[in-house]
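Letter by letter, the chains look like this.
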Amino acid sequence: MTFTYAATIFLITSLFLIFVSKKMATRTKSAADFYSSRGDISSFQNGLAMAGDYISGAAIFGMSSLIFIAGCDGFFYAMSFVLGWTVKQILITERARNIGRFTVADIISYRLNRGSVRAFTSLSTLAIILIYLIVQFVAVAQVFQFVLAIGYSQALLAAGLAVVVFVSLGGFVASTRVQIIKIYALFLVVGFLCGFLMSEYDFSLSKIFNSANAAGGIRMAVPLGLLEDPVSQLSLAVGLIFGTSGLPHTTTRYFSVMNAKQARQSAMVATGVIVLFFLMISLVGVVAVARLHLDDIDGLDWVSTSEILGTNMVILLLSRTVVGNLFLGFIAAITFFATLTVIAKLVSTGASSVSRDIYVHVILRRRVEAMVEAKVARLGALLIGVLALCFSVVFDQQNLTFLVSLAFGVAAASNFPVLLLSLYWRGLTSRGALVGGLVGLISSLGLIIASKLIWVDLLKNPEALYPYDHPALFAMLLAFATAWLFSITDRSDKAKRERLAFDEQYIRSQIG
Amino acid sequence: MPELIKIKEDPSFQLLCKRRWRSCIVLILLALSPFFLMIFLASYFDSLAFDFLLAQDNRHVWYFGGLMMFYFLALSALHVFVANNYHEDANTQVELVLKARDSHY
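Anyway, here's the lowdown on the structure attached to this text. All figures in this text were calculated on a predicted structure; none of them were measured in a lab. (Residues numbered from 1 in each chain as written. Chains lettered and ligands numbered in written order. Predicted model: local features only at pLDDT ≥ 70, side-chain atom pairs only at ≥ 80, totals over all residues. Heavy atoms only, no water.)

**Here's the deal with the overall build of chain B**
Along the backbone of chain B there are 4 helices and 0 strands. Sequence-ordered secondary structure for chain B, helices as α and strands as β, is α-α-α-α. A buried classification covers 41% of the 105 residues belonging to chain B. In chain B, of all internal contacts separated by at least 6 residues, the share reaching a separation of at least 24 is 80%. Only carbon and sulfur atoms are counted for the fraction: they give 66% of the accessible area of chain B, which is about 6000 Å². (Helix = DSSP H or I, 4+ residues; strand = E, 2+ residues; numbered from the N terminus. Buried < 20%, exposed > 50% of the residue type's maximum accessible area, 1.4 Å probe, protein only. Contact = heavy atoms within 4.5 Å. Areas by Shrake-Rupley, 256 points an atom, 1.4 Å probe, with all protein chains shown as cover.)

**Here's the deal with the interface of chain B and chain A**
Interfaces are often described in size by the accessible area the parts lose on coming together. Contact residues are listed per partner, giving 48 residues for chain B and 54 residues for chain A. Interface area for chain B against chain A, summed over the two sides, is near 4700 Å², with a carbon-plus-sulfur share of 77%. Applying the counting criterion to the chain B and chain A interface returns 1 salt bridge. The shortest N-O distance in the salt bridge between Glu94(A) and Arg20(B) comes to 2.9 Å. The interface formed by chain B and chain A holds 6 residue pairs in polar contact (both at pLDDT 80 or more) in total. Counting only elements with at least two residues in the side of chain B that touches chain A, the list comes to helix H1 (2-6), helix H2 (11-45), helix H3 (48-56) and helix H4 (60-104) of chain B. Broken down by element, the side of chain B that touches chain A gets its largest block of residues, 21 residues, from H4(B). (Buried area = accessible area lost by both parts, 1.4 Å probe. Salt bridge = Lys/Arg side-chain N within 4 Å of Asp/Glu carboxyl O. Polar contact = N/O pair within 3.5 Å; in protein donor to acceptor, adjacent residues only side chain to side chain.)

**Comments concerning helix H1 (residues 4-24) of chain A**
Residues and elements named next belong to chain A. End to end, H1 covers 30 Å across 21 residues, agreeing with the expected 30 Å (1.5 Å per residue, within 8%). Among all positions in H1, only Ala6, Ala7, Ile9, Phe10, Thr13, Ser14, Leu17, Ile18, Val20 and Ser21 are buried. For H1, the angular spread of buried residues about the axis comes to 160°, placing them on one side. Exposed residues lying more than 90 degrees from the buried face of H1 are Tyr5, Ile12, Leu15, Phe16 and Lys23. (Expected span 1.5 Å × (residues − 1). Arc of directions from axis to C-beta.)

**Quick word on the nonpolar core**
The biggest cluster of nonpolar side chains holds 180 residues, and the ones touching the most others in it are Phe278(A), Leu316(A) and Phe35(B). When residues of this core are assigned to their parent elements, the largest contribution, 20 residues, is made by helix H7 (residues 114-148) of chain A. When near neighbours in sequence (up to four residues on either side) are disregarded, Phe278(A) contacts Ala59(A), Met63(A), Ala78(A), Phe81(A), Val82(A) and Met69(B). If you look at the next biggest cluster of nonpolar residues, it comprises 8 residues, including Tyr506(A), Ile511(A), Leu16(B) and Cys17(B). (Core = buried A, V, L, I, M, F, W, Y, C linked by side-chain atoms within 4.5 Å.)

**Things to note about the side chain of Asp503(A)**
Structurally, Asp503(A) is set in helix H26 (residues 502-511). Here Asp503(A) falls in the buried class, since its relative accessible area comes to 14%. For Asp503(A), the residues in contact, after removing those within four places along its chain, are Arg426(A), Ile5(B) and Lys8(B).

Rendered as structure tokens:
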């Protein structure tokens, strides 16, 4: 077997990293431990953990592959991801930190009806997390498929098993420290790969781009997608930029530090890490254009050409082709571990939503013991994980960055309008938040189903009902419009009380 | 919480809010405008918007994107700098007012 050497290194390194996670894990003592840290980590560490949550399988595998496939248009995604993080820092970080506690629903329901708004927020959180999780499961399965030379369905089962092992060993609880280790490990291997690749071109960016332009043609020089279909690209940009602010699993990191000052410093550290990482991974994509050829891909007899070209494993293929099998084992293990930590974070955020928002605040409507809440959370985690694993079966041919951009689109259309209006607009009422948020959620999911991805590729219809790939532009505007309309027409006493309560929320959001 | 609401009339608090609003709007405009301007130019002038870059060298599209990422990082750092240096002054004033009120009540 060609890859036995790489597979052995991969398995040993993966087991070592999972063992380190187990050592990091501490016992869950309270709800605060379970949902986030206890405010005892520095802003630098928290920034690294934030970046760790954000840099998922989509960024590691999908981004370099997207640049390999689409050239400049792939780089457009990278810019949007970074801008999204900056916008979130400026608009949301401080106010969310000052009034929130554990989940996004805590922020939105500060002055609004706790039952209905929490129910909506948990619904949208679960929808976003489910799409995000599907992407991560596909990524882990494709790493297994690539390195261990097994079929996709077997790889998916192995991915599920790996997540169960990781979560049961405690990677779920110690997620902050594990995310920090992940960032260091990821920078080590991707940094080494970039250094190695640059050394092949005498550390000259000009030589790299000249080679890539010669091999890649016009797509490397001109953003063709942007020029041919600006509406789609605008919708993509809106989704990525504003969707970042609506992502539930990265927002919860603001509550891990002591004050707003530390929260914004954490966000800045995260921006720095994200910028560096996306630049490195983009460089990998550009070199892949210059160095990878069909011969390299055809050499892998168990992976068809379309699976590699159409999807995600360009970074691993480049590592194998340029550096060698030993490095392939290491980079596969570390990127696999990095994706596993994002899965753990996503599952824990989804579980928090199920236990705290749905079980405690919507179903029981009374306080319960922390350990009971934690048990419900574990059950929720299992359900979310199994559901995501089932959906992952059909998306193996899709690019991961493209898939994750759909999750961002849903976040931009559902969580973001409600979160922004609740923080900045006195006039928002529970009715407006609920209707606006639900319209955004349903329309964004509906447009995704009507787009080419589901309607044509999956359901085998001849033509898509929605001509664009990304839903955010239209669904987000619709959500804002309905939230505004249903709020200003709400004349109830409850609505008046909620508007009056804005002053207290506003002061709290300013001074903490 | 009537004591808390009273802070709204406090000049220090109003100064804090005013500064935050100003910096937030300026930073958001600085962050979003070049990016959306790029999409606008591309949609209205087709490839013309990129001609000045392409005329020099094909690599410049990538360099431009890379520089834009560092620009976003600079804005992020500027946000922290502004908030730490200007907002915190007013924040300290607000905290003093709060302490005085707490001791009074």
